[in-house]
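So you can see what is in the structure, the chains are spelled out below.
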Amino acid sequence: MRAPLSWLRQYVDVPADLSGRALGDLLVPLGMEVEAVDERGDDLSGPLVLGEVREIEELAEFKKPIRWCRVDVGPHNADDGAGGLRPRGVICGATNFAVGDLVVVALPGTVLPGGFTITARKTYGHVSDGMICSVLELGIGDDHSGILVLPPGTGTPGVDLTGVLGVRETVLDLEITPDCGHLESVRGLARETSYVTGGAFRDPRDAVKEPAPDPAGWPVRIDDPSGCRRFSALTVSGLDPSLPSPLWLRTRLHHAGVRSVSLAVDVTNYVMLELGQPMHAFDAARLTGGIVVRRATAGEKLVTIDHVTHSLDADDMVVADETGAVALAGVMGGAESEISDTTVDLLLEAAWWDPASIGRAVRRHRLPSEASRRFERGVDPEIAVAALQRAAELLVEYGDASVGALTVTGGPYDPPVISLASDLPARTIGLPIDPVTVTQRLQQVGCDIPAGEPLVVRPPSWRPDLRDPADLVEEVARLEGYERIPEVVPTPPPGRGLTDRQRFRRRVGRALAYTGYVEAISPPWVSEADWDALGLDASDPRRNAFRLANPLSDEQPLLRTTLLPGLLRALRRNVGRGLSDVALFETGLVYRSGGEDVAAGEVLRPGVEARPAPEVLARIERVLPDQPERVAVVLAGDRSPAGWWGAGRAAGWADAVEAARTVAAEAGVELVARHDEHAPWHPGRCAALLVGDTLVGHAGELHPRVVEAYGLPPRTCAAELSLSALPVEDAPPAKAVPISAYPPAFVDVALSVDATTPVAEVEAALRDGAGELLEALRLFDVYTGEQVGADRRSLAYRMCLRALDRTLTAQEVNDARDAAVAEATRRVGAVLRERSPG
Amino acid sequence: MSAPNKDYDPVEVTSLREDQVEAMRDEALAAIAAAVDLDALREVRTAHAGDRSPLRLANAEIGALPPAARADAGKRIGGARKAVEQALATRQVELEADRDARVLADERVDVTLPWDRQPRGARHPVTSLMDRMADFFVAMGWEVAEGPEVETEWHNFDALNFQPDHPARTMMDTFFVEPPSQDRRRQSAVSTGLVMRTHTSPVQVRALLERGVPVYVVAPGRVFRTDEFDATHSPIFHQIEGLAVDEGLSMAHLRGTLVHFARAMFGAGQEIRWRPSFFPFTEPSAEFDLRCFACRGASVGDPDRPCRTCASEGWIEWGGCGMVNPRVLRACGVDPDRYSGFAFGMGVDRTVMFRHGSDDLRDMFEGDVRYALPFGTEI
């Protein structure tokens with residue numbers, strides 16, 4: 001809401017020396033956000049004087065009409081060289097004035113708003129000794145089609161107009177919270193201002209003498225009181241449509257950010273801004289029969305004043321005459337009955353519309369307006385008649401119209417009654433506030449409170465936001481001042497700290513960061529094209545994605561079922577920016593089906609009166625998708641960089657597997673890797689990762705086609721696993737192991753195995769075979785070549801054997817080694833190639 | 001070697017004469033002093049203290065002396081040998097020290113050579129800051145609560161007292177979600193009851209429903225709104241929500257909690273300001289601002305000292321808060337006549353921006369490693 005300070009001052013006393021900024025600072029503690037304090041015209045210097053046009057000479061030799069005018073500016077007239085004065089010569093490009101008209105003249109030396117300095121200068125063959133101003137140049141309007149012509153009798157030539165034109169104005173741009181409809185008006189803002197300045201508030205409603213309903217008024221029937229509580233209408237006749245809005249009114253509208261259109265439209269806007277009641281003016285001649293306020297019939301057509309044809313919904317409230325809808329209630333009028341430059345008889349309408357209905361219609365038809373904004377936020381149900389009368393009086397005064405008859409249809413306003421324990425404000429605010437103060441504060445905002453305990457509070461009609469005791473507590477709190485509230489630290493019962501999973505989540509991030517991965521956070525939106533780029537089969541469950549009904553981009557309407565698309569895009573972005581060795585990780589939720597089909601069941605949305613029953617809560621919950629937490633890494637380039645020490649080491653499939661193991665280690669579990677063929681990985685370089693029998697993820701090098709589809713560096717690697725699937729809750733405390741101080745025995749074995757036999761299986765056999773004496777087992781060489789034969793490979797292991805209670809004998813060492821080899825032979829057909837004693 | 005002399009031949013043994021012994025000793029000491037390195041000293045040792053050295057040979061002659069003279073000669077030779085041994089030991093230490101110094105000097109390296117063979121990674125500052133924020137509350141005995149990101153409309157709005165068609169709800173710029181099975185044409189105008197949560201406040205509802213009262217929890221998490229990316233907007237961002245419901249809680253407890261939190265995050269003496277505001281799920285409600293820690297308000301009205309951190313406003317908007325609306329308590333089965341509570345929430349990304357001088361919100365969600373790396377693993 002943009003509030004010109006001069007308008008506020010009309011209804012509340014504000015100290016003359018209080019600046020706009022200072023007033024803004026005072027309003028902040030009441031709950032208004034001051035977006036800007038605009039000191040308009042404060043850069044104006046030099047006088048703006050009244051000029052009377054004495055002569056006009058049309059200069060025809062130019063491409064556009066140019067006038068050479070003689071303008072009488074009284075004492076500011078030019079020296080005629082003979083000891084006298086003569087009217088000033090001024091060049092003007094506008095043609096909307098005649099000899100005898102009164103105009104605004106900026107004399108040489110004047111600086112207009114915006115920093116435009118007027119000088120006497122030669123132009124179009126004459127010296128222009130000043131400028132005749134338009135409202136745009138004066139900063140009081142948008143119209144630049146002609147200069148500003150003042151009404152006759154405005155004053156004598158040469159008088160200073162600076163103070164009366166409204167060029168200098170302080171405009172407060174206030175952000176109003178959506179509960180405070182009453183602050184979307186000068187009336188409401190002036191009232192609030194009085195709370196902080198202490199100045200007297202003069203309710204503009206009181207300045208209007210409200211007429212009584214007249215049976216001769218326009219017939220009105222409300223068919224749906226749930227959408228319209230009350231509908232008031234006032235006829236105005238005999239308007240002279242050629243008469244313009246007065247300058248002061250246009251200037252105020254301009255400062256308030258509203259365009260001037262015509263007297264009738266300007267007046268309805270002016271009254272809306274002043275009193276907060278949106279109204280609509282119909283051309284009475286274009287209405288047929290009585291008004292009916294009803295819901296639209298589905299598909300009913302209405303052309304609104306912006307010339308858009310709307311197909312109405314059965315939920316839309318409309319104002320209709322005998323021909324059909326003539327206005328989308330509270331949102332926008334119809335073109336058919338719109339007032340025009342020939343309208344002489346009007347029907348002014350001011351109603352109280354159901355805010356929720358208005359909100360639905362606005363969103364359905366995408367028609368937000370200043371009117372609907374106010375109806376949605378709450379309009380004073382008792383202001384309509386005053387608003388109609390105020391508008392009618394302005395039309396009488398400036399449009400030569402006469403006021404007709406008033407119709408008021410609908411029930412009276414019945415304010416809610418709130419029972420308030422008088423100590424509730426003190427208890428809630430944490431500040432000693434006695435019941436007398438509570439009563440005074442609530443009366444200050446207009447509440448009616450008869451004596452008694454608990455307090456029985458009737459909020460004023462302009463405060464529909466006051467419904468509950470808590471609402472009243474807030475009124476007391478903000479008037480007493482939030483800054484007075486003391487600081488007390490509450491004492492919660494003993495907490496249990498972070499959960500195991502919360503700790504685990506942090507460890508995963510740290511562990512990956514310590515091993516060189518940088519965390520990325522990607523938007524979770526993907527597209528069908530991602531599934532194709534990842535090479536997912538048509539039946540892959542990852543294609544079964546939830547979808548945004550209103551995505552930011554139609555390119556990415558799906559919710560991710562895997563972290564990889566976002567992370568791969570981030571990787572490509574890094575590489576595109578010249579970074580070659582990149583390792584990224586991301587943890588986050590993916591969204592997978594599992595929720596109950598919403599389409600099959602009705603959406604449950606119980607109210608706030610009580611806790612929903614368990615079965616209702618369960619049904620509410622059941623529509624949610626599964627949202628497991630996952631972690632992914634992607635890496636490309638060198639894992640270990642080249643340097644003065646030599647070459648770097650390229651990132652490979654094994655780094656991806658190792659990253660997964662790093663994550664699992666933080667959960668205290670060991671991952672088992674198993675070869676797998678799983679998109680988007682390279683079918684020969686993909687590990688399925690298991691904890692026990694549970695598949696928790698995959699790792700390896702990406703499929704070359706995936707690399708190509710995402711524009712990634714060759715051999716890009718990735719791992720993704722489910723953090724939710726890793727068991728971290730209620731894990732037993734890790735057990736200490738006894739440490740042997742006896743010397744170890746080392747023994748190496750080289751085994752020849754089939755080339756396709758996974759090392760993990762060989763290793764498991766050796767461990768199981770060696771038994772408890774085996775302290776450590778390390779694969780130190782893998783060899784393929786002639787000496788082992790085709791399709792075979794040699795694996796060389798060093799075994800470290802040790803007992804807890806003795807030095808091992810050579811026999812024991814040999815027995816353990818032999819047992820290990822025998823088990824490997826039995827399980828995977830390993831052949832001992834050579835042996836070496838430790 | 002000669003055998004022990006059994007004869008008592010009073011012949012004088014020249015080599016055992018005092019002047020001879022002193023000469024042998026002095027010659028040895030001179031040679032020791034002259035040894036320039038450990039090899040030379042080894043030769044000197046052999047020559048002057050070895051089995052064939054003059055002093056050892058002379059020592060062997062002691063038996064040839066008459067018994068009365070033996071003690072005297074023995075003492076002389078012994079004294080000389082001891083002096084030589086001592087000199088050798090001393091010189092040995094000296095020469096070893098010399099050698100060590102030389103060798104270690106030769107092994108000197110340039111310790112400024114880089115050795116960044118294992119690159120460091122980093123956590124995202126939003127993640128780190130959420131942890132840090134949560135830690136403040138955990139240290140006070142609060143717990144960390146969680147909730148889903150795809151949320152039901154009931155949890156995100158209805159239970160939080162957002163009226164179905166109220167502007168407070170429609171202003172939230174909500175992403176609505178449809179399940180995979182949805183027939184899109186048929187259902188396009190029908191709400192599925194699923195949204196991307198627009199704030200972390202639905203976790204308040206979950207905490208009250210699941211934990212009961214008293215409850216003191218914070219809920220850090222990711223939220224979504226239909227804002228296009230620009231320097232200060234993002235469709236994905238993060239909040240931390242706080243909720244305390246107990247007997248006797250007032251706005252004073254809320255204020256105390258927030259002030260101490262602000263000081264933990266921004267330093268002792270950090271001031272906050274409250275402005276009345278509106279949220280459907282709190283009443284009374286407030287927004288709270290931080291006194292700008294860059295200019296401390298000095299930039300206000302002083303065009304010569306513009307402040308980028310607070311846009312010369314003197315205050316930085318931080319979040320919203322209030323007393324939990326009794327309607328929300330009732331919706332969660334909590335008796336508002338017995339219990340009261342407060343809630344608050346603030347943007348984590350925004351906090352990273354002004355706490356760490358991060359200018360463009362887009363940088364946070366592009367995954368450029370150069371963004372997160374300077375933040376390390378903790379901030």
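Residues numbered from 1 in each chain as written. Chains lettered and ligands numbered in written order. Predicted model: local features only at pLDDT ≥ 70, side-chain atom pairs only at ≥ 80, totals over all residues. Heavy atoms only, no water.

### Focus: the overall build of chain A
And step 1. Each helix and strand counted, chain A has 21 helices and 44 strands in total.
And step 2. Taking 2.2 N^0.38 as the reference for a compact globule, 838 residues should give roughly 28 Å; the C-alpha atoms of chain A span a radius of gyration of 41 Å, well beyond that estimate.
And step 3. Over its C-alpha atoms, taken along the principal directions, chain A stretches across nearly 130 × 80 × 60 Å.
And step 4. Here chain A, with 838 residues, has 53% of them falling under the buried criterion.
And step 5. Carbon and sulfur atoms form 52% of the exposed surface of chain A, whose accessible area is close to 36,500 Å². (Helix = DSSP H or I, 4+ residues; strand = E, 2+ residues; numbered from the N terminus. Rg over C-alpha atoms; globule rule 2.2 N^0.38 Å. Buried < 20%, exposed > 50% of the residue type's maximum accessible area, 1.4 Å probe, protein only. Areas by Shrake-Rupley, 256 points an atom, 1.4 Å probe, with all protein chains shown as cover.)

### A word on the pairing of strand S5 (residues 215-224) of chain B
Residues and elements named next belong to chain B.
And step 1. Summarising burial for S5: 9 of the 10 residues are buried, a large majority.
And step 2. Of the pairings in the sheet, the one linking strand S1 (residues 143-144) to S5 comprises 2 bridges and is parallel in character. Looking at the pairing, Val144 lines up with Val218 of S5. (Pairing = 2+ DSSP bridges.)

### Here's the deal with the sheet that holds strand S34 (residues 629-636) of chain A
Residue and element names in this part refer to chain A.
And step 1. As summarised here, the arrangement of the 7 strands in space is S29-S33-S34-S40-S39-S38-S37, forming an open sheet in which the pairing is mixed. Each edge of the sheet is formed by a strand with only one pairing partner; in this case those strands are strand S29 (518-519) and strand S37 (672-675).
And step 2. With 4 bridges joining them, S37 and strand S38 (residues 681-691) adopt antiparallel strand pairing. Pairing of Val672 across the sheet is with Leu690, part of S38.
And step 3. Set on the sheet, helix H14 (residues 500-514) makes contact with strand S33 (582-589) and S34; between it and S34 the angle comes to about 5 degrees. (Contact = heavy atoms within 4.5 Å. Axes fitted to C-alpha atoms, helices over the stretch in contact; angles between N-to-C directions.)

### Section: the environment of Ala687 of chain A
Residue and element names in this part refer to chain A.
And step 1. In this structure, Ala687 sits in strand S38.
And step 2. On the basis of relative accessibility, which here comes to 9%, the residue Ala687 falls in the buried class.
And step 3. In this structure the C-alpha to C-alpha distance between Ala687 and Val326, which are 361 residues apart in sequence, comes to 69 Å.
And step 4. Setting aside its immediate chain neighbours within four residues, Ala687 contacts Val657, Ala673, Arg674, Asp676, Gly697, His698 and Ala699.

### Structural notes on the confidence of the model for chain B
All names here are of chain B.
And step 1. Per-residue confidence for chain B gives a mean pLDDT of 91; residues scoring 70 or more make up 94%.
And step 2. Confidence drops under a pLDDT of 50 for residues 185-189, and excluding neighbours within four residues, the segment shows 3 contacts in the predicted structure.
And step 3. Across the whole predicted complex the pTM is 0.89, and at the interface the ipTM reaches 0.91. (pLDDT = per-residue confidence, 0-100.)

### A closer look at the nonpolar core
And step 1. Phe231 and Trp353 of chain A together with Trp274, Trp318 and Phe344 of chain B are the most contacted members of the largest nonpolar core, which totals 179 residues.
And step 2. Other than its neighbours up to four places away in sequence, Trp353 of chain A contacts Gly227, Cys228, Phe231, Val293, Met317, Val319, Ala329, Gly330, Ile358 and Phe375 of chain A.
And step 3. Counting residues in hydrophobic clusters, the runner-up holds 33 residues, among them Ala520, Val590, Val706 and Val707 of chain A. (Core = buried A, V, L, I, M, F, W, Y, C linked by side-chain atoms within 4.5 Å.)

### Structural notes on the packing of helix H12 (residues 435-444) of chain A against helix H13 (residues 469-480) of chain A
Residue and element names in this part refer to chain A.
And step 1. Their axes nearest at 9 Å, the elements H12 and H13 cross at an angle of 95 degrees. Judged by the inter-axis angle, H12 sits roughly perpendicular to H13. Touching Thr437, Val438, Arg441, Leu442 and Gln444 of H12 are Leu472, Glu475, Val476, Leu479 and Glu480, all from H13.
And step 2. Looking at the contact of H12 with H13 residue by residue, the classes come out as 5 nonpolar, 2 polar and 3 charged. (Parallel < 35°, antiparallel > 145°, perpendicular 65-115°, else oblique. Nonpolar A, V, L, I, M, F, W, Y, C, P; charged D, E, K, R; others polar.)

### Side note on the interface of chain B and chain A
And step 1. Listed as interface residues are 119 residues of chain B and, on the opposing side, 109 residues of chain A.
And step 2. Counting the surface lost from both chain B and chain A, the interface buries some 9,500 Å², and carbon and sulfur atoms represent 58% of this.
And step 3. Looking only at chain B, the three residues that lose the most surface to chain A are Trp154, Asp165 and Pro276 of chain B, adding up to 7% of its buried area.
And step 4. For the pair chain B and chain A, the number of links is 15 salt bridges.
And step 5. The salt bridge partner of Arg577 of chain A is Asp368 of chain B, with a shortest N-O separation of 2.9 Å.
And step 6. Linking chain B to chain A there are 48 residue pairs in polar contact (both at pLDDT 80 or more).
And step 7. Sort the elements by how many residues they give to the side of chain B that touches chain A and helix H10 (residues 251-266) of chain B lands first, with 9 residues.
And step 8. Counted by class, the side of chain B that touches chain A contains 54 nonpolar, 30 polar and 35 charged residues.
And step 9. Here strand S31 (residues 547-548) of chain A runs beside strand S3 (residues 176-178) of chain B; their pairing, made up of 2 bridges, is antiparallel. What sits directly across from Leu548 of chain A, in S3 of chain B, is Val177 of chain B. (Buried area = accessible area lost by both parts, 1.4 Å probe. Salt bridge = Lys/Arg side-chain N within 4 Å of Asp/Glu carboxyl O. Polar contact = N/O pair within 3.5 Å; in protein donor to acceptor, adjacent residues only side chain to side chain.)

### Digging into the sheet that holds strand S25 (residues 346-353) of chain A
Backbone hydrogen bonds hold the strands of a sheet together, and the pairing may be parallel or antiparallel.
All names here are of chain A.
And step 1. Strand order in the open sheet formed by 4 strands is S18-S25-S17-S26, with antiparallel pairing between adjacent strands. Looking at which strands have only one partner, the edges of the open sheet turn out to be strand S18 (280-283) and strand S26 (402-410). Adjacent strand axes in the sheet meet at a mean angle of 20 degrees, parallel and antiparallel pairs treated alike.
And step 2. Here 8 bridges tie strand S17 (residues 228-237) to S25, and the two strands are oriented antiparallel to one another.

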